[in-house]
Amino acid sequence: MKILIINGPNLNMLGAREKEIYGEQTLADMNAEIAEFCAANGMETVFYQSNIEGELVGAVQSVISRFGADGIVLNAGAYTHYSHAIGDALACVKVPKVEVHISNVHARENFRHLSVLADNCNGVICGFGADSYKLACLAIKHILQRCAK
């Protein structure tokens, strides 16, 4: 089982940006931690990051054809709050999808409380740092195993 983990704008700046919110871990460090966790739990991971909305749409649309993945974990960053294009792409693909956030977006600015992506995802996990991604991967594994029965 392979999970595509997509990170959106500014997540490439982890470790340097707003350390009081996002911590000191870099995206590469976080990806390595997630990959190790997933491997130990019978999942393979593939990672994708872009600051460009259209590239994120393309990654979602090609979850199977390009990445060969069975599910998507998506942290769309600020696009979460207004990218109907990414939301529409999520609606197009028939794999389990979980929206994640490193911080607890509901404890932050009001504009972060709205997700235009959540309606097209199986669930949303936020506030647990890199563990948000791990929990999302476990959720996708559970969904896929339940569907296989």
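Presented here is a report on the structure given in the accompanying data block. (Residues numbered from 1 in each chain as written. Predicted model: local features only at pLDDT ≥ 70, side-chain atom pairs only at ≥ 80, totals over all residues. Heavy atoms only, no water.)

For the rest of this paragraph, the subject is the overall build of the protein. In terms of helices and strands, the protein carries five helices and five strands. Going from the N terminus to the C terminus, the protein shows its helices and strands as β-α-α-β-α-β-α-β-β-α. For the protein, the spread of C-alpha atoms along the principal axes amounts to about 40 × 35 × 25 Å. Sorting the 149 residues of the protein into buried and exposed places 49% on the buried side. Within the protein, residue pairs in contact and separated by at least 24 positions form 76% of the contacts whose partners lie at least 6 positions apart. Summed over its atoms, the accessible surface of the protein is roughly 7100 Å², and 52% of this surface lies on carbon and sulfur atoms. (Helix = DSSP H or I, 4+ residues; strand = E, 2+ residues; numbered from the N terminus. Buried < 20%, exposed > 50% of the residue type's maximum accessible area, 1.4 Å probe, protein only. Contact = heavy atoms within 4.5 Å. Areas by Shrake-Rupley, 256 points an atom, 1.4 Å probe, with all protein chains shown as cover.)

This part takes up the environment of Val 116. One can find Val 116 in the loop between strand S4 (97–101) and strand S5 (123–126). As for Val 116 and His 81, which are separated by 35 residues in sequence, their C-alpha atoms are 5.6 Å apart. Look past the residues within four positions of Val 116 in its chain and what remains in contact with it is Tyr 79, Thr 80, His 81, Tyr 82, Ser 83, His 84 and Gly 87.

A separate point is the packing of aromatic side chains. This model, assessed by the stated rule, comprises two aromatic pairs. On the numbers, 5.9 Å between centres and 70° between planes, the contact of Tyr 48 with Phe 67 is edge-to-face. Placement of the pair is Tyr 48 in strand S2 (residues 44–49) and Phe 67 in the loop between helix H3 (53–61) and strand S3 (71–75), with a sequence separation of 19 residues. By the burial criterion, Tyr 48 is buried, and Phe 67 matches it. (Phe/Tyr/Trp six-rings, centres within 6.5 Å; stacked < 30°, edge-to-face > 60°.)

Right, let's get into the nonpolar core. Membership of the largest hydrophobic core comes to 22 residues, with the highest contact counts inside it found for Leu 4, Ile 6, Ile 72, Leu 74 and Ile 86. Contributing elements (two or more residues each) for this core: strand S1 (2–7), H3, S3 and helix H4 (84–92). No other element matches H3, which puts four residues into this core. Excluding residues within four positions of it along the chain, Ile 86 makes contact with Glu 53, Leu 56, Val 57, Leu 74, Tyr 79 and Leu 117. Formed by 19 residues, the second largest nonpolar core is a distinct cluster that contains Ile 3, Leu 11, Val 73 and Tyr 133. (Core = buried A, V, L, I, M, F, W, Y, C linked by side-chain atoms within 4.5 Å.)

With six of six residues buried, S1 is to be regarded as a mostly interior element. Side chains of S1 alternate between two faces, with Lys 2, Leu 4 and Ile 6 and Ile 3, Ile 5 and Asn 7 buried alike. The pairing of S1 with S3 spans five bridges and is classified as parallel. Counted as the bridge partner of Leu 4 is Ile 72 from S3. (Pairing = 2+ DSSP bridges.)

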